[in-house]
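So you can see what is in the structure, the chains are spelled out below.
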There are 2 protein chains.
Amino acid sequence: MRWIRFSAGGRTAYGILEGDRIAEVAGDPFRGYEATPRRHDLAAVKIEVPVIPPTFYAAGLNYVEHVKEGAARRGEVPNIPAKPDMGYRAANALIAHGETVVIPADATEKVHYEGELVAVVGRKAKHLTEEDALSCLLGWTIGNDVSERTWQKSDRTFWRSKNTDTFKPMGPWVETDLDLDAAETIVRLNGEVRTRFATNHMLFGVARFIATMTRNITLHPGDVIWMGTDGVSPDLKHGDVVDIEITGIGHLTNPFIREGA
Amino acid sequence: MRWIRFSAGGRTAYGILEGDRIAEVAGDPFRGYEATPRRHDLAAVKIEVPVIPPTFYAAGLNYVEHVKEGAARRGEVPNIPAKPDMGYRAANALIAHGETVVIPADATEKVHYEGELVAVVGRKAKHLTEEDALSCLLGWTIGNDVSERTWQKSDRTFWRSKNTDTFKPMGPWVETDLDLDAAETIVRLNGEVRTRFATNHMLFGVARFIATMTRNITLHPGDVIWMGTDGVSPDLKHGDVVDIEITGIGHLTNPFIREGA
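Residues numbered from 1 in each chain as written. Chains lettered and ligands numbered in written order. Predicted model: local features only at pLDDT ≥ 70, side-chain atom pairs only at ≥ 80, totals over all residues. Heavy atoms only, no water.

S.K.: Could you give an account of the relation of the copies chain A and chain B, naming the residues involved and the relevant values?
M.R.: Of the transformation placing chain A onto chain B, the axial shift is 0.0 Å and the rotation is 180°, giving an RMSD of 0.0 Å. Here the symmetry operator amounts to a two-fold rotation axis. Relative to the rotation axis, the C-alpha of P54(A) is the closest in chain A, positioned 3.3 Å from it. Looking at chain A, 100% of its interface residues are interface residues in chain B too, so the copies touch through the same face. (Least-squares fit on C-alpha atoms with pLDDT ≥ 70 in both. Contact = heavy atoms within 4.5 Å.)

The structure is reproduced here in C-alpha cells:
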C-alpha cells in the first residue's frame, strides 16, 4: 500500500495511491483515518513531503564504499563505524518530489547527491528487539541527503553542508510493503545511471539501528530514519536533474539550480 | 510577558502568566490566539514543555571556560570555535520543569548538567541581519543540556550522550522581555550554588548565530536555539535536584534518578 501526502484545491491531505489514482482519507496514517469519497488523479495533484518528522534521524556512514570513497577524497584513512550511532538532519531543509534544490550562490562546486532508503516510523516505540524492530514502521520512502562537501569539511557541524534549505528532498510517498533484500537503489543524473547499489547492503541494518536507538530513545509516529548511501556522486551543476529510484518504492526526482545562475 | 504551556482538567493550553495566575488563551503565541475567561492558579496546573520545536538547535561550545574545562577533562588542547556553527538536539528527550531526568542503568557516573539560555523563535525568518536578528524571537526560556560524558566521547554522534529520553529539560515558560546583558545563569545542586556566569558572555551572541544561520536556513515558529553553557558540572547522582535559574526568566528545576537505583 502506498500513502501519499498531497495538495489539491487548496487543501493538503493524505491518500492511498492505487495506480495513478488517489483515494483521499480524512486524518492520517499515524493517528488514524477514515475513508472519504474523494478521488484524485495523481497527475493533477501536487505531491508533498510524506511527513514532517518530529525528529529527523540519519545514519550517516552506513555503506562501506561510501566511507572509503569519502576518506580517499579527503586524503584520510577510512574510519568504518564500529557501532550504529545515529545522527540528525533538520526539517527546515525538506522539499517534496519535483521541487527544486537551490544551491546557494556561495556554495562551492562540490555539491553531491546521496540516495537513501528512509524508514518512516508509524507508532510510538521503545525497547524494541532486533526481531521486533520493524514492527514500529509505517513503511519506506526515499531521501536525497544533498551535501556541500567543502562546508562539510570546514564546519564544526552539518548545519550548512547538509541542512541548507531545500537540501533534503524526501518522497514521493510511503510504501508499506517492501522486499528490502530485493531492493536496489539507482541514482540517475540527467537520465543516465551514475550510482547503483543493493539497498540493504548496509554496515548496520534498519532493525539493528532501531533496536540500538530504542534502548535510550522513544521513537514517535512520523519520525524518519535515513539509512545512508553508497557510492559517490559527481559534482552537481545548475540545471541538473537527480532521480533516485529504489525499486519497489518509486522515484524521487528533483531539479537543481544555482542561486543567481 | 510570560507565556506558559500547561495542562489542567485533562486539556493542554497556552496562557499568559501574571504573578501566580494564568490567563488561558485559545490558540497559541505562534499562530495566533484569543483571550478566554478561564483563569488558573499556577500551583494547580501541570507545567508542560513551552513548545515542541519543529527544529531543535543547540550552539554547543559557546563559552570559553566550558570549552577549556571540557578539553582539560579529556586531556586535549582546547579548540575554541572560530565561527558560529549550529548543532542539533532531539525533541524525544524534552521534559518539562518539575519532571524527572532518568539516568539509564548502563550510564557511567559522568552525567552532567549544562544550564543554557534558550531563544524561542516566534515567526518564520530568513536572511536576517545581526541588527534585525532578535526580531524573529518570541522570547526566552531555560534549558538543561544533560550530558553523559563517557558516551559523548565514545560515540560518533550525540544520539545517546545528549538525546536519551528525559535528558533535555526545558522551561518553565517563555519570557518575552529580558535584559540579556543583565541576566545571570545560576545553577544550584540540591540548593547549593555550583555554577554561576553572565548569561550573555558568549563566544558568539544570539544575534550573530541567527544572522549566520538564516543565510542558509529558514527559522520556523517554535524552533528553539539553545545557546550553550559555561563552567563545569559535578557528577550527578540518584536523588539530586538541579535548579537552573536565569535571572529575569525564572527557575528550571528537575530531580534526577538512576534507573534501577
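From this point, the narrative continues.
S.K.: Outline the UniProt feature "domain: Fumarylacetoacetase-like C-terminal" (unreviewed entry) in chain A, supporting the account with residue identities and numerical values.
M.R.: In this numbering, the UniProt entry assigns the feature "domain: Fumarylacetoacetase-like C-terminal" (unreviewed entry) to residues 56-256 of chain A. Counted over residues 56-256 of chain A, helix gives 14% and strand 33%. Its end C-alpha atoms are 23 Å apart. (UniProt positions renumbered as here; feature names shortened; annotations may be inferred. Helix = DSSP H or I, 4+ residues; strand = E, 2+ residues; numbered from the N terminus.)

S.K.: Quick rundown of the packing of aromatic side chains? Include the residues and the values.
M.R.: Applying the stated criterion across every chain, the model contains 13 aromatic pairs over all chains. Between Y63(A) and F197(A) the ring centres are 5.0 Å apart and the planes differ by 70°, which places this aromatic pair in the edge-to-face class. With Y63(A) in the loop between β6 (56-58) and α1 (64-74) and F197(A) in strand β16 (residues 192-198), this residue pair connects regions lying 134 residues apart in the sequence. As far as the burial class goes, Y63(A) and F197(A) line up, both buried. Both rings, one in F56(B) and one in W226(B), keep their centres 5.1 Å apart while their planes meet at 45°; by these two values the pair is tilted. Here F56(B), found in strand β6 (residues 56-58), pairs with W226(B), found in strand β17 (residues 224-226); they are 170 residues apart in sequence, far enough to count as distant. Residue classification places F56(B) among the buried residues on the basis of a relative accessible area of 3%. Ring pairing ties together the aromatic residues W3(A), Y14(A), F30(A) and Y33(A), which thus form one cluster. (Phe/Tyr/Trp six-rings, centres within 6.5 Å; stacked < 30°, edge-to-face > 60°. Buried < 20%, exposed > 50% of the residue type's maximum accessible area, 1.4 Å probe, protein only.)

S.K.: Please give an account of the pattern of salt bridges that cites residues and values.
M.R.: Residue and element names in this part refer to chain B. Under the defined criterion, the tally for this structure stands at 41 salt bridges over all chains. We note a salt bridge from K110 to D235, for which the minimum N-O separation is 3.2 Å. With K110 in the loop between β9 (101-103) and β10 (111-112) and D235 in the loop between β17 and β18 (241-246), this residue pair connects regions lying 125 residues apart in the sequence. Residue classification places K110 among the partly exposed residues on the basis of a relative accessible area of 32%. With relative accessibility at 21%, the residue D235 sits in the partly exposed group. Among the ionic pairs, R149 bridges to E114, the shortest N-O distance being 2.8 Å. With a gap of 35 residues between them, R149 in helix α2 (residues 149-154) and E114 in the loop between β10 and β11 (115-121) connect regions that are remote in the sequence. For the pair formed by R149 and E114, the shared burial category is buried. (Salt bridge = Lys/Arg side-chain N within 4 Å of Asp/Glu carboxyl O.)

S.K.: Any chance you could break down the interface of chain A and chain B for me, citing the residues and the numbers?
M.R.: Listed as interface residues are 33 residues of chain A and, on the opposing side, 33 residues of chain B. Across the chain A/chain B interface, buried area totals approximately 2,700 Å², and carbon plus sulfur atoms make up 47% of it. Broken down residue by residue, the surface that chain A buries against chain B is led by R156(A), W159(A) and N216(A), which jointly contribute 29%. When the shortest N-O distance is used, the salt bridge between D155(B) and K83(A) registers 2.4 Å. In this assembly, chain A and chain B are joined by 20 residue pairs in polar contact (both at pLDDT 80 or more). Mapped onto the side of chain A that touches chain B, the elements with two or more residues apiece are β7 (87-88), α2 (149-154) and α3 (206-216) of chain A. (Buried area = accessible area lost by both parts, 1.4 Å probe. Polar contact = N/O pair within 3.5 Å; in protein donor to acceptor, adjacent residues only side chain to side chain.)

S.K.: I'd love a proper account of the sheet that holds strand β19 (residues 250-258) of chain A, names of residues and values included.
M.R.: All names here are of chain A. Spatially, five strands are ordered β9-β19-β18-β15-β16 in an open sheet, and the strand pairing comes out mixed. Lying at the two open borders of the sheet, with one neighbouring strand each, are β9 (101-103) and β16. Direction aside, the axes of adjacent strands within the sheet are offset by 20° on average. Where strand β15 (residues 184-189) meets strand β18 (residues 241-246), five bridges bridge the pair, whose relative direction is antiparallel. Considered in β18, the bridge of L189 is made with V242. (Pairing = 2+ DSSP bridges. Axes fitted to C-alpha atoms, helices over the stretch in contact; angles between N-to-C directions.)

S.K.: Can you lay out the environment of G205(B) for me, pointing to particular residues and giving the numbers?
M.R.: All names here are of chain B. Take G205: it is sitting in the loop between β16 (192-198) and α3 (206-216). When its relative accessible area of 25% is taken as the criterion, G205 is described as partly exposed. C-alpha of G205 to C-alpha of E69: the two residues are 136 residues apart in sequence and 20 Å apart in space.

S.K.: I'd like a description of unusual backbone geometry, backed by residues and values.
M.R.: Geometrically, the link from G171(A) to P172(A) is a cis peptide bond, its omega value of 5° lying close to zero. Note that P172(A) resides in strand β14 (residues 168-175). Unusually for a residue other than glycine, H127(A) sits at a positive phi of about 55°. With respect to the helices and strands, the residue H127(A) is situated in the loop between β11 (115-121) and β12 (137-144). Its relative accessible area of 53% is what places H127(A) among the exposed residues. In this structure, N190(B) is a non-glycine residue whose phi angle is positive, near 50°. By the element assignment, N190(B) lies in the loop between β15 (184-189) and β16. Classification of N190(B) as partly exposed rests on a relative accessible area of 47%.

S.K.: Give a detailed account of the sheet that holds β15(B), specifying residues and quantitative values.
M.R.: Strands in a sheet are paired, the pairing made by backbone hydrogen bonds, and the direction either parallel or antiparallel. Residues and elements named next belong to chain B. Sheet architecture is open: five strands sit in the order β9-β19-β18-β15-β16, paired in mixed fashion. Looking along the sheet, the strands with just one partner apiece sit at the ends: β9 and β16. Neighbour to neighbour, the strand axes of the sheet diverge by 20° on average, direction disregarded. By the bridge criterion, six bridges tie β18 to strand β19 (residues 250-258) in an arrangement that is antiparallel. In the sheet register, V241 faces β19, and the bridge partner there is P255.

S.K.: Could you give an account of the layout of surface pockets, with specific residues and numbers?
M.R.: For the second largest pocket, the calculated volume is near 1,100 Å³. Lining the second largest pocket are 38 residues, and of these I52(A), P54(A), I52(B), P53(B) and P54(B) sit closest to its centre. Looking at the lining of the second largest pocket residue by residue, the class counts come to 17 nonpolar, ten polar and eleven charged. (1 Å grid on protein atoms, 1.4 Å probe; cavity = no way out; pocket = protein on both sides within 12 Å on 5 of 7 lines; lining within 4 Å. Points joined across faces, edges and corners; volume = space filled by probe spheres on them. Nonpolar A, V, L, I, M, F, W, Y, C, P; charged D, E, K, R; others polar.)

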